[in-house]
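# Architecture and fold: a report
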Amino acid sequence: MGDRWHVEVDRSVCIGSGMCVITAPGGFALDTARQSHPADPETDANEKVLEAAEGCPVEAITIALSGSGEVVFPPED
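A brief report on the enclosed structure follows.

Conventions and cut-offs
Residues numbered from 1 in each chain as written. Predicted model: local features only at pLDDT ≥ 70, side-chain atom pairs only at ≥ 80, totals over all residues. Heavy atoms only, no water. Helix = DSSP H or I, 4+ residues; strand = E, 2+ residues; numbered from the N terminus. Buried < 20%, exposed > 50% of the residue type's maximum accessible area, 1.4 Å probe, protein only.

### Considering unusual backbone geometry
Most of the time, phi is negative for any residue but glycine, and the peptide bond is trans. The step from Phe73 to Pro74 runs through a cis peptide bond, and the omega angle for that step is 0 degrees. Within the secondary structure, Pro74 is located in the segment after strand 6 (71–73). Its identity is not glycine, yet Arg34 carries a phi of approximately 60 degrees, on the positive side. With respect to the helices, strands and loops of the structure, Arg34 is situated in the loop between strand 2 (28–30) and strand 3 (36–38). The class of Arg34 is partly exposed, set by a relative accessible area of 45%. In the Ramachandran plot, Glu59 falls in the positive-phi region, its phi being about 50 degrees despite a non-glycine side chain.

Here it is, written out as structure tokens:
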């Protein structure tokens, strides 16, 4: 079995660009206020979700390993 991720969007940072929805269809959705949220906060590790996080213009998306909480993205300095 592969890694499981916990995906969060900081709605106080999200600007609603929709890049995450375009990059990872089915991974993210915009609500009526144009704020992003993960379609499923607990998901299998997924390259498209990681690409969406990396491409977020305001770095509002955080990915951590489910269970351990080890941060996958953004990289810690």
